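Residue-level listing of the chains:
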Amino acid sequence: MGAARGIAGSRRPEAEGIFVCRGEEETEFFFRLNNTGGPVDLWSVDDIDEALLLDNGNGFAYFPDRIPAARVRLVRSDVPQLGS
């Protein structure tokens, strides 16, 4: 996370890994949850074995490792903060 806040405004990671959305519905949920005060980007990850995804205890999935940059691509940039 570096100096950036999490999408829900957290100052530290909620899990040791990278949260991923498994569909458009989850993506829209996180866009509405956005508490960064500004726009966010949507990235796609290729070649993730979904069997390796873990549940953070709240029903959201995360990948418990680093993802190489070659497997990540920008899908949408500067998505504005959406109303809830």
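Visitor: Any chance you could break down the sheet that holds strand E4 (residues 61-63) for me, citing the residues and the numbers?
Guide: In space, the 3 strands of this open sheet follow the order E1-E4-E3, with antiparallel pairing throughout. Each edge of the sheet is formed by a strand with only one pairing partner; in this case those strands are strand E1 (18-20) and strand E3 (54-55). The pairing of E3 with E4 spans 2 bridges and is antiparallel. Looking across to E4, one finds that aspartate 55 is bridged to alanine 61.

Visitor: Hey, could you go over the packing of aromatic side chains for me, with residue numbers and the actual values?
Guide: Each pair of aromatic rings is reported with the distance of its centres and the angle of its planes. Tallied over the full model, the rule gives 4 aromatic pairs. When the ring of phenylalanine 29 is compared with that of phenylalanine 30, the centres are 5.3 Å apart and the planes differ by 80°; the resulting orientation is edge-to-face. The partly exposed category is assigned to phenylalanine 29, whose relative accessible area is 31%. Seen from their ring centres, phenylalanine 30 and phenylalanine 60 are 5.1 Å apart, and the 65° between their planes marks the pair as edge-to-face. Here the residue phenylalanine 30 occupies a position in helix H1 (residues 24-33), and phenylalanine 60 occupies one in the loop between E3 and E4, the gap between them amounting to 30 residues. According to the relative accessible area criterion, phenylalanine 30 is buried, its value standing at 16%.

Visitor: Any details on the pairing of strand E2 (residues 40-45)? Residues and values, ideally.
Guide: Residues Val40, Leu42 and Ser44 line the buried face of E2, whereas the alternating positions Asp41, Trp43 and Val45 sit on a face that is not buried. Pairing of E2 with strand E5 (residues 72-79) involves 5 bridges; the strand directions are antiparallel. Paired with leucine 42 across the two strands is arginine 76, which belongs to E5.

Visitor: Could you give an account of H1, with specific residues and numbers?
Guide: Of the positions making up H1, those classed as buried are Glu26, Thr27, Phe30 and Phe31. Viewed end-on, H1 has its buried residues packed into an arc of 140°, placing them on one side of the element. Turned more than 90 degrees away from the buried face of H1 sit Glu24 and Glu25, all of them exposed. Against E1, E2 and E5 lie the buried residues of H1.

Visitor: Can you explain the pattern of salt bridges? Please cite residues and give values.
Guide: By the definition in use, this model includes 1 salt bridge. We note a salt bridge from arginine 22 to glutamate 26, for which the minimum N-O separation is 3.2 Å. Residue classification places arginine 22 among the partly exposed positions, given a relative accessible area of 47%. Glutamate 26 gets classed as buried once you look at its relative accessible area, which sits at 18%.

Visitor: Requested: an account of the side chain of glutamate 26, with residues and values cited.
Guide: Checked against the element boundaries, glutamate 26 lands in helix H1. Ignoring anything within four residues of it in the chain, the contact list for glutamate 26 reads Val20, Cys21 and Gly59.

How each quantity is defined
Residues numbered from 1 in each chain as written. Predicted model: local features only at pLDDT ≥ 70, side-chain atom pairs only at ≥ 80, totals over all residues. Heavy atoms only, no water. Pairing = 2+ DSSP bridges. Helix = DSSP H or I, 4+ residues; strand = E, 2+ residues; numbered from the N terminus. Phe/Tyr/Trp six-rings, centres within 6.5 Å; stacked < 30°, edge-to-face > 60°. Buried < 20%, exposed > 50% of the residue type's maximum accessible area, 1.4 Å probe, protein only. Arc of directions from axis to C-beta. Contact = heavy atoms within 4.5 Å. Salt bridge = Lys/Arg side-chain N within 4 Å of Asp/Glu carboxyl O.

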